[in-house]
Amino acid sequence: MMADNTTNRSTLHWDPEIGFELDVDINADDVLIRMVRVPVPADGTLRLRESPPVKLFALDTLFKSQVDVEGAPGQINDVSVRVVGDDTEELALQATVEDAETGETRSLDVRLPLCMPGEAPGSGGPFPNPPDEDELDWEDEETLDRLVNTAPEPVPTPLDDGNGEDVNDVLDAAGGGSEGLEMLLRALLDPSGTPPIESEEKESAPPDLPAGPAPDAEGSMLMSSEQEAWTFIQLLIDQEHLEMVEGARPADLAPEMARLLALQTKTEAKAAAIANWLLGHPAVEELYIDDDSLAELIERW
């Protein structure tokens, strides 16, 4: 996988108390990746230049990376980095990228322009400990802050409805809000198209929405991970588990919700991450479900 160096960059931050942390932006062959403040297990610049490359901790890259694969959420695994070059330093990054919808994986091998602090020592600096999922306390705010709150913002991509239209535009045309999302979900689930929903408060009905995805050979409906995320958010709202601020749209939460639902981690950890993210989101007024109940809902989902 080749990277476009006009839109790629990497930064190694140095803190004498915690060591190296890595920021990365990658645009390579329809894959967008953003990593923010990922701990780097190296005690100095000498280790960063040595072979084998430094392998990043899996849980840190899982929660502190945002991946978009051809417009759909993805995941980055097995990340290793090495500083190369003399006059002009670059970051050589290798990883595996997974499409969360299909499970398809591809190899990533890129070199990124690097900004590295001059005050970092050659060796002897602090070395971060690997997080152990079995030992993490998901009720602890410090744990969640480390693994979830520092996650990057979603990679900005349009929400394609499968018919070449941006879902955000469709929702705007439908009036936005829960009514607009209800119309969209009806259209997505009805391959023949859905007539406008009559509204007592409006003189004219909203415009028709495009038909959703066609059924497969067995007659089942295929939905993208973001479409599934919208329906999960709407389920939380319908069951009065989630209250959004006035004017906020459930679709605004869909990209990040899709990423969190696709995380390859324990359901309890996933529920805690989703709850913590929702409680901190400016579009969310209140969350009325505990982590255990949310985990049960995710399991059934």
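Read on for a plain summary of the structure. (Residues numbered from 1 in each chain as written. Predicted model: local features only at pLDDT ≥ 70, side-chain atom pairs only at ≥ 80, totals over all residues. Heavy atoms only, no water.)

For the rest of this paragraph, the subject is unusual backbone geometry. With an omega of 0 degrees, the peptide bond running from Ser51 to Pro52 counts as cis. Checked against the element boundaries, Pro52 lands in the loop between helix 1 (45–49) and strand 4 (54–55). The phi dihedral of Asp29 falls on the positive side, at around 50 degrees, and the residue is not glycine. Here Asp29 shows up in the loop between strand 2 (19–28) and strand 3 (31–40). Take Asp29: its relative accessible area is 43%, and that puts it in the partly exposed class. Its identity as a non-glycine residue notwithstanding, Glu240 has a phi of 60 degrees, on the positive side. Note on placement: Glu240 falls in the loop between helix 6 (225–238) and strand 9 (242–244). According to the relative accessible area criterion, Glu240 is exposed, its value standing at 63%. (Helix = DSSP H or I, 4+ residues; strand = E, 2+ residues; numbered from the N terminus. Buried < 20%, exposed > 50% of the residue type's maximum accessible area, 1.4 Å probe, protein only.)

Turning to the packing of helix 6 against helix 7 (residues 254–261), a few remarks are in order. Helix packing geometry: the angle between the two helix axes and the distance between the axes. Interaxial distance between helix 6 and helix 7 falls to 8 Å at its minimum, and their mutual angle equals 100 degrees. By the angle between their directions, the pair helix 6 and helix 7 is classed as roughly perpendicular. Residue-level inspection shows Ser225, Glu226, Ala229, Trp230, Phe232, Ile233 and Leu236 of helix 6 in contact with helix 7, the latter providing Ala254, Pro255, Met257, Ala258 and Leu261. Residue composition of the contact of helix 6 with helix 7, grouped by class: ten nonpolar, one polar and one charged. (Axes fitted to C-alpha atoms, helices over the stretch in contact; angles between N-to-C directions. Parallel < 35°, antiparallel > 145°, perpendicular 65-115°, else oblique. Contact = heavy atoms within 4.5 Å. Nonpolar A, V, L, I, M, F, W, Y, C, P; charged D, E, K, R; others polar.)

What follows is about a negative patch on the surface. A surface patch of negative charge is lined by Glu268, Asp290, Asp292, Glu296 and Glu299. Among the secondary structure elements, Asp292 is positioned in helix 9 (residues 291–300). With a relative accessible area of 55%, Asp292 lands in the exposed category. (Patch = residues over 30% accessible without salt bridge, like charges linked within 9 Å, V, L, I, M, F, W, Y side chains within 5 Å. Areas by Shrake-Rupley, 256 points an atom, 1.4 Å probe, with all protein chains shown as cover. Salt bridge = Lys/Arg side-chain N within 4 Å of Asp/Glu carboxyl O. Lys, Arg positive; Asp, Glu negative; His and termini not counted. Charge placed at Lys NZ, Arg CZ, Asp CG, Glu CD.)

This paragraph deals with the packing of helix 7 against helix 8 (residues 267–280). Where helix 7 contacts helix 8, the axes come no closer than 10 Å and their chain directions differ by 160 degrees. Here helix 8 runs roughly antiparallel to helix 7, going by the angle between their axes. In the crossing of helix 7 with helix 8, the sense of the turn from one axis to the other is right-handed. Contacts between helix 7 and helix 8 involve Glu256, Met257, Leu260 and Leu261 on the former and, on the latter, Lys270, Ala273, Ile274, Trp277 and Leu278. By residue class, the composition of the contact of helix 7 with helix 8 is seven nonpolar, no polar and two charged. (Left-handed = near helix turned anticlockwise from the far one by under 90°.)

Moving on, we come to the side chain of Ser80. Topologically, Ser80 is positioned in strand 6 (residues 72–84). The buried category is assigned to Ser80, whose relative accessible area is 13%. If we skip the residues at most four places from it in the chain, Ser80 touches Pro53, Val54, Lys55, Ala92, Leu93 and Gln94.

Let us look at the pattern of salt bridges. The tally for this structure, following the rule as stated, stands at eight salt bridges. For Asp25, the salt bridge is made with Arg9, and the minimal N-O distance between the two is 3.2 Å. With Asp25 in strand 2 and Arg9 in strand 1 (residues 9–15), the pair connects residues that are 16 residues apart, well separated along the chain. In this structure Asp25 comes out as buried when scored by relative accessible area, which is 16%. The partner of Arg106 in a salt bridge is Glu70, and the shortest N-O contact between them spans 3.7 Å. A residue pair is termed long-range when its members are at least 10 positions apart, and Arg106 in strand 8 (residues 105–115) and Glu70 in the loop between strand 5 (65–69) and strand 6 qualify at 36 residues.

To continue, consider helix 8. Compared with an ideal rise of 1.5 Å per residue, which puts 14 residues at 20 Å, helix 8 spans 20 Å between its outermost C-alpha atoms and is within 8% of the ideal. Taken across its 14 residues, helix 8 has eleven buried, putting it largely inside the fold. Considered for burial, the residues of helix 8 that qualify are Thr267, Ala269, Lys270, Ala271, Ala272, Ala273, Ile274, Ala275, Asn276, Trp277 and Leu278. (Expected span 1.5 Å × (residues − 1).)

Attention now goes to the side chain of Thr267. Structurally, Thr267 can be placed in helix 8. Beyond its immediate chain neighbours, meaning those up to four positions away, Thr267 contacts Ala295, Ile298 and Glu299.

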